[in-house]
Structure formats: C-alpha cells, structure tokens
Amino acid sequence: MTDLNLSDPALLRGQAYIDGKWVDAASGETFTVDNPANGEVLAEVAYCGEAETKTAIDAANAAQPAWAAKTPKERAKLLRDLFNIMMANQQDLARILTLEQGKPLTEAAGEIAYGANYIEWFAEEAKRIHGEVLAPPTGDKRVVVIRQPVGVAALITPWNFPNAMLTRKIAPALAAGCTVVCKPASETPLSALAIAELCDRVGIPTGVVNIVCGNTRAIGGELTSSPIVKKLSFTGSTGVGKMLTEQCSGTLKRLSMELGGNAPFIIFEDADLDLAIKGVMASKFRNAGQTCVCTNRILVHENVKDAFVEKLLAATNKLTVGNGLDEGVDLGPLVSVKARKTVEEFVEDAVSKGAKVHEGPSTPNGECYSRPLVLTDATKEMRVFSEEIFGPVAPVFSFSTDEEAIAMANDTEFGLASYFYSNNVARCWKTAEALEYGMVGINEGIISNEMAPFGGVKESGQGREGSHHGLDDYLEVKSLTFGGLS
Ligand code: NAP
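All values reported here derive from a predicted model rather than from experimental measurement. (Residues numbered from 1 in each chain as written. Predicted model: local features only at pLDDT ≥ 70, side-chain atom pairs only at ≥ 80, totals over all residues. Heavy atoms only, no water.)

Undergrad: I'd like a description of the sheet that holds strand 18 (residues 439-442), backed by residues and values.
TA: Pairing is mixed in the open sheet, where seven strands are placed in the order 14-15-16-13-12-17-18. Every interior strand has two partners, whereas the edge strands, strand 14 (356-359) and strand 18, have only one. Strand-to-strand, the axes of this sheet are offset by a mean angle of 20 degrees, without reference to chain direction. Pairing between strand 13 (residues 295-301) and strand 16 (residues 393-399): four bridges, direction parallel. Residue His301 lies in a different strand from strand 16, and its bridge partner there is Phe399. Of the strands in this sheet, strand 12 (263-267), strand 13, strand 16 and strand 17 (417-421) are in contact with helix 9 (residues 273-285), which crosses strand 12 at around 170 degrees. Packed on one face of the sheet, helix 10 (residues 305-317) meets strand 12, strand 13, strand 14, strand 15 (373-376) and strand 16 and runs near 145 degrees to strand 13. (Pairing = 2+ DSSP bridges. Helix = DSSP H or I, 4+ residues; strand = E, 2+ residues; numbered from the N terminus. Axes fitted to C-alpha atoms, helices over the stretch in contact; angles between N-to-C directions. Contact = heavy atoms within 4.5 Å.)

Undergrad: Before we move on, could you go through the environment of Met408 and cite the residues and values that matter?
TA: As for its placement among the helices and strands, Met408 is situated in helix 13 (residues 402-410). For Met408, a relative accessible area of 9% translates into the label buried. Taking the C-alpha atoms as reference points, Met408 and Ser336, separated by 72 residues in sequence, lie 31 Å from one another. Here Met408 is in contact with Arg297, Leu299, Phe385, Phe397, Ser398 and Phe399, once residues within four sequence places are set aside. (Buried < 20%, exposed > 50% of the residue type's maximum accessible area, 1.4 Å probe, protein only.)

Undergrad: So what's going on with the site of the ligand? Residues and values would help.
TA: Around the ligand sit 29 residues in total, of which Thr157, Ser186, Thr216, Ser237 and Glu388 are the nearest. Arg168 is positioned with one of its side-chain polar atoms (N or O) 3.1 Å from an oxygen atom of the ligand. Within the side chain of Ser186, an N or O atom sits 2.5 Å from an oxygen atom of the ligand. Contact with the protein chains hides 88% of the accessible area of the ligand, taken as 910 Å² for the molecule alone. Put simply, the parts of the chain that give the shell around the ligand at least two residues each are helix 5 (164-176), helix 7 (216-225), strand 10 (229-235) and helix 8 (238-248). Of the residues forming the shell around the ligand, the biggest block, three residues, is contributed by helix 8. When grouped by side-chain class, the residues that make up the shell around the ligand number 15 nonpolar, 10 polar and four charged. (Near = heavy atom within 4 Å. Polar contact = N/O pair within 3.5 Å; in protein donor to acceptor, adjacent residues only side chain to side chain. Areas by Shrake-Rupley, 256 points an atom, 1.4 Å probe, with all protein chains shown as cover. Nonpolar A, V, L, I, M, F, W, Y, C, P; charged D, E, K, R; others polar.)

Undergrad: Residue-level account of unusual backbone geometry, with values.
TA: Backbone geometry at Asn443 places phi at a positive 55 degrees, although glycine is not the residue there. Relative to the assigned elements, Asn443 resides in the loop between strand 18 and strand 19 (461-462).

Undergrad: Residues and numbers for the nonpolar core, please.
TA: Generally speaking, nonpolar side chains in soluble globular proteins are found buried as a group. In this structure, Leu174, Ile204, Val209 and Ile211 are the most contacted members of the largest nonpolar core, which totals 69 residues. It is helix 4 (residues 105-125) that contributes the most residues to this core, 10 residues altogether. Setting aside chain neighbours within four positions, we find Ile204 in contact with Leu78, Leu82, Leu174, Cys199 and Val209. (Core = buried A, V, L, I, M, F, W, Y, C linked by side-chain atoms within 4.5 Å.)

Undergrad: Explain the packing of aromatic side chains to me, using residue names and the numbers behind them.
TA: Considering all chains together, one arrives at nine aromatic pairs under this definition. Each ring, one from Tyr17 and one from Trp22, has its centre 4.8 Å from the other, and the planes form 45 degrees; the classification is tilted. An identical accessibility class is assigned to Tyr17 and Trp22; each is buried. Ring pairing ties together the aromatic residues Phe265, Tyr419 and Tyr421, which thus form one cluster. Above the ring of Phe454, the side-chain terminus of Arg168 is found at 3.9 Å from the ring centroid. The aromatic ring of Phe346 is capped on one face by Arg383, whose charged end is 4.3 Å from the ring centroid. (Phe/Tyr/Trp six-rings, centres within 6.5 Å; stacked < 30°, edge-to-face > 60°. Lys NZ or Arg CZ within 6 Å of the ring centre and 35° of its normal.)

Undergrad: Account for the sheet that holds strand 20 (residues 475-482), with residues named and values stated.
TA: The strand order across the open sheet built from three strands is 5-6-20, with neighbouring strands paired in antiparallel fashion. The two strands at the open ends of the sheet, each matched to only one other strand, are strand 5 (132-133) and strand 20. Sheet topology places strand 5 next to strand 6 (residues 142-149); two bridges connect them, and they run antiparallel. Looking across to strand 6, one finds that Glu132 is bridged to Val145.

Undergrad: I'd love a proper account of the environment of Leu99, names of residues and values included.
TA: One can find Leu99 in helix 3 (residues 90-101). The contacts of Leu99, once residues within four sequence positions are left out, are Leu4, Asp34, Asn35, Pro36, Leu42 and Leu325.

Undergrad: Please set out the pairing of strand 8 (residues 179-183) residue by residue, giving values where relevant.
TA: Counting buried positions along strand 8 yields five of five residues, so the element is predominantly enclosed. Because side chains alternate across strand 8, one face comprises the buried residues Thr179, Val181 and Lys183, and the other comprises Val180 and Cys182, equally buried. Read from strand 7 (residues 152-156) through helix 5 to strand 8, the crossover connection turns out right-handed. Sheet topology note: the strand 8/strand 9 (residues 209-211) ladder contains three bridges and is parallel. Pairing of Cys182 across the sheet is with Ile211, part of strand 9. What joins strand 8 to strand 9 is helix 6 (residues 189-202), and the crossover it makes is right-handed. (Right-handed = clockwise from strand over helix to strand, strands pointing away.)

Undergrad: Can you break down the pattern of salt bridges residue by residue, with the values?
TA: Considering all chains together, one arrives at 23 salt bridges under this definition. We note a salt bridge from Glu50 to Lys54, for which the minimum N-O separation is 3.7 Å. Here Glu50 pairs with Lys54, and both are found in helix 1 (residues 50-69), just four residues apart, close to one helical turn. Residue classification places Glu50 among the partly exposed residues on the basis of a relative accessible area of 45%. Measuring nitrogen to oxygen at the nearest pair gives 2.7 Å for the salt bridge that ties Arg201 to Glu197. On the criterion of helical spacing, the pair formed by Arg201 and Glu197 is a turn pair, its members being four residues apart in helix 6. Given a relative accessible area of 33%, Arg201 falls into the partly exposed group. Three or more residues joined by partner-sharing salt bridges are found here, namely Asp8, Arg13, Glu197 and Arg201. (Salt bridge = Lys/Arg side-chain N within 4 Å of Asp/Glu carboxyl O.)

This is the structure in structure tokens:
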C-alpha cells in the first residue's frame with residue numbers, strides 16, 4: 001500500500017470485506033486505484049468476481065435474521081456509533097476521498113459530514129418504524145399492518161460521491177433490519193472500504209455489511225440474479241440502471257434507482273440575479289460539475305440575459321482549478337481522462353452548431369483537468385441540451401415566456417433536480433408544480449440533505465433516499481388479519 005499520509009493508516013484497505021473478514025480475491029488478482037490529479041497509483045484492490053460475491057451474499061443471508069431480531073434501539077446504537085467514528089475520522093476519510101476522486105479537500109470533508117448525517121438520521125429513524133391498526137372490515141375481524149425488513153440488499157454506487165452515496169443506502173438498510181452486499185465504483189473503492197473498516201471497529205455484527213470490488217459484470221450478474229438478494233439499490237447512469245433492472249426481472253427484486261439528471265436552472269425576469277449567480281455557481285461547478293443534480297442547462301429570460309451572463313463570466317473567472325489537496329482550490333481534476341474527453345466532445349458539438357465559448361481560468365498540467373467555461377447562444381439542437389454534461393461547462397439558453405421556459409425545462413427524458421429563481425409567489429407555485437422533477441430548488445442551488453427526500457421521476461429513477469421516506473425502500477408491508485373475534 002502507498003503511504004497516503006493518513007493519521008490512521010489502517011483506514012486504507014485493499015481487500016474485500018466479507019463476513020467480517022478482510023480477504024483477497026480467490027484468484028489473487030488485484031486492480032489499481034489511481035489519483036486523477038497526477039496519475040499516481042494509490043492502492044491495489046482485490047479483484048473479486050462471482051465466487052466472492054456469492055460468499056458475501058451467503059454471509060449477508062446468514063446474518064440477516066439475527067440483525068433483524070435486534071431491537072430498533074440496538075441497531076440505532078450501532079448506527080450512532082458509526083456516525084461518531086466517521087466524524088472522528090473525517091479528515092482521513094476526506095483525504096482518501098480527494099486522492100481517489102479528485103474533489104477539493106474541503107468539499108471532500110463536507111461529503112463525509114453529509115454522508116455521516118444519513119447515518120445519524122437513520123439511527124434516529126430506526127426507532128420509528130411503526131405499524132398501523134386499521135378500521136375493522138367486519139365486526140369479528142381486526143387488521144393490523146406491520147413493516148418488516150426486505151432481507152438481503154445489494155447496493156451499487158458511483159464514483160462521484162464515493163462516501164455519501166454508500167452511507168445513504170447502508171444507513172436505511174441497516175436501520176430497517178436488512179443486511180447488505182455493496183459494490184462501489186472501480187475508480188473509488190477506497191472510501192467504501194474505509195467505511196467497512198469503521199463498521200468493523202464499532203462492532204456491527206459479522207456479515208451485516210459486506211463489500212466486494214473487481215469484475216463489474218460478474219459481481220453485478222451475481223447480485224442481480226441471486227434469489228437470496230431481495231432488493232437492489234443502484235445509483236449511477238440511466239443506461240446501467242435500465243440494464244440492471246432487466247437483470248433483476250428474473251427474480252423480481254425490489255428496486256431503487258437513483259439515475260442520471262439534466263437539471264434546468266431557470267432565471268425569470270424578476271429574479272435576484274446575485275442570488276441566482278450564487279446558486280448557479282454552487283449547483284454547476286460543485287465537484288467540477290460531476291453531480292447528478294448539477295445544473296446542466298441555464299435558461300435565462302431574454303431581458304436579463306446580458307446582465308446575467310456578465311455576472312456569470314466574472315464569477316467563473318474567479319474559480320481556481322488545481323490539485324484537490326492544495327489550499328484554495330475550487331475545482332479538482334475530473335475523475336478520469338475519459339471523463340475529460342467526453343466533456344470536450346460536448347463543447348466541440350456545441351461550437352460546431354453555433355455556440356460561443358467563454359473560457360474560464362486555466363488549469364494545471366494533468367490529463368484529467370477540464371477548464372471551466374460558459375457557452376452562450378446555446379440551442380436545443382446541441383448535445384448539452386439533451387445529455388448530461390458531467391463537467392464544468394455552463395451552457396446558457398434564453399426564453400421569452402414562462403410557458404416556454406417550463407416547456408424547455410421539461411423537454412427531456414430525465415427528471416431529477418431542477419432550479420428556478422423568481423420573486424413572484426404565484427410564479428413560484430405554478431412553476432414548482434409544473435416542473436416534472438423529483439426535486440425543485442426555489443431561489444436555492446443546494447437541495448440535498450438527509451432530511452429531504454432525494455430522487456427522481458421519469459428516467460431519473462424510482463424510490464427516495466433520505467427523509468422518513470428513505471426507510472420505505474427497505475421495508476415490506478404485511479397485513480395481519482385477526483378473525484373469530486365476535
Ligand atoms: P455508472 O457507469 O452507471 O456506474 C455506477 C456503478 O454501476 C459503478 O459502481 C459501476 O461499476 C456499476 N456498474 C456499471 N456497469 C455495471 C454492471 N454491468 N453490473 C453491475 N454494476 C455495474 O455511472 P457512473 O459513471 O459511475 O456515475 C455517474 C452517473 O451516476 C451519472 O449519470 C449521474 O447522474 C448518476 N448519479 C445519480 C445519482 C442520483 O442520486 N440520482 C447520484 C450520483 C450519480 P464500475 O465502476 O466497476 O464500472
């Protein structure tokens with residue numbers, strides 16, 4: 001293992017975590033995890049496949065009855081301990097995250113706190129898994145509803161929030177009484193393995209949390225086809241989400257799908273432009289534009305477009321791009337060379353169709369850095385209108401009426417996050433109701449926290465994470481009808 005300069009070097013793990021043990025792949029094979037800021041190898045990680053995944057599923061299955069039989073308070077206590085130990089190790093966890101993913105260290109520390117908040121929240125919610133007593137259908141019957149854990153859950157997560165996307169799933173699953181087999185993204189497995197180390201330290205019982213990385217298709221194939229696995233919760237691209245949904249159809253698993261987005265950011269004529277700039281900078285450039293809720297299309301009323309663009313260019317030029325470990329950096333590198341090339345293709349396409357490029361601050365040398373930029377004169381024919389950019393590119397479109405803005409915003413198969421700015425109460429209500437999205441930011445660019453339901457409609461997915469709704473995805477509803485009471 002490379003020395004990552006951690007206060008607690010034992011947080012860096014390269015083996016799979018199965019049934020409470022750290023194990024190598026049966027083949028002995030490993031894969032490398034690289035630092036996108038400079039290409040350096042950070043670690044070798046066990047390259048697991050079908051056999052190791054099967055073992056992990058069996059371990060989760062064996063552990064599930066005893067875990068579900070614990071009192072909610074006992075499960076809550078362990079989750080609370082996990083929250084505490086995660087926050088106690090916030091700086092090390094943030095460092096691992098920045099090194100493998102690229103985001104600035106302060107942003108990474110923010111992600112650790114954000115991820116830990118889900119654990120704290122569901123530690124509390126574990127004690128509020130209530131049933132119901134229904135009105136009797138006939139005089140001699142009584143009907144009661146109880147909610148029980150789904151069983152073994154498979155959790156597959158992406159690289160853009162290597163910590164929080166996993167805690168947002170592990171926490172409600174464990175609170176509900178499920179056990180889990182997790183497969184983190186191959187670019188960023190180290191943050192997930194560090195979470196397993198902390199689960200181990202606080203005494204979460206053997207087999208309750210398992211983590212395997214390696215052969216993506218083999219692991220995914222086993223997780224989606226095993227009849228033991230009762231649920232799949234997936235966060236990632238819409239294409240992979242659809243494929244995994246198909247793979248799960250043979251065993252009809254419960255599904256939660258947190259998929260891609262194409263967020264519109266509407267600035268009405270009456271908007272507070274300075275507030276809108278603050279919101280758009282946060283929602284566009286956070287994580288170098290690599291979040292599913294990132295602004296993808298800026299839609300500005302034609303009467304305020306010039307004033308808005310001037311402010312946007314000034315704010316973009318103030319950004320600092322660099323190695324996420326350096327002080328004062330706003331944007332790190334993109335996660336991979338492939339990601340950078342994809343963003344360049346979006347810009348080339350827009351320019352070939354008439355967009356004007358306003359380049360922002362320069363970047364250091366390094367193959368994964370992508371220069372922040374604004375595209376004006378953007379049109380619906382460009383790929384930036386219909387596809388998720390996932391990079392620091394801000395295309396500006398214009399509109400002349402509310403109806404046009406809402407139609408443009410909804411003109412996509414995605415429906416995850418959306419944002420708009422207006423000071424008119426009636427316009428705010430009407431627009432919020434008309435937007436076909438799971439989440440709407442109204443005069444606000446940061447919409448995600450553990451108390452609010454997170455999720456999309458249309459091809460952005462199904463199910464909700466966070467809030468009290470987040471438990472529903474891991475619980476079955478059972479009715480008990482008592483007869484003979486006359
Ligand atoms: P991705 O390519 O879909 O990968 C996501 C996860 O799926 C990774 O762990 C990946 O593993 C795994 N995977 C890929 N093919 C698989 C297969 N055949 N079987 C099993 N697992 C498979 O997405 P990404 O590029 O990492 O993430 C970016 C996407 O995630 C964007 O579209 C973004 O909008 C979306 N996202 C959505 C949310 C949300 O809450 N809605 C949050 C964050 C991100 P490997 O890494 O090993 O390929």
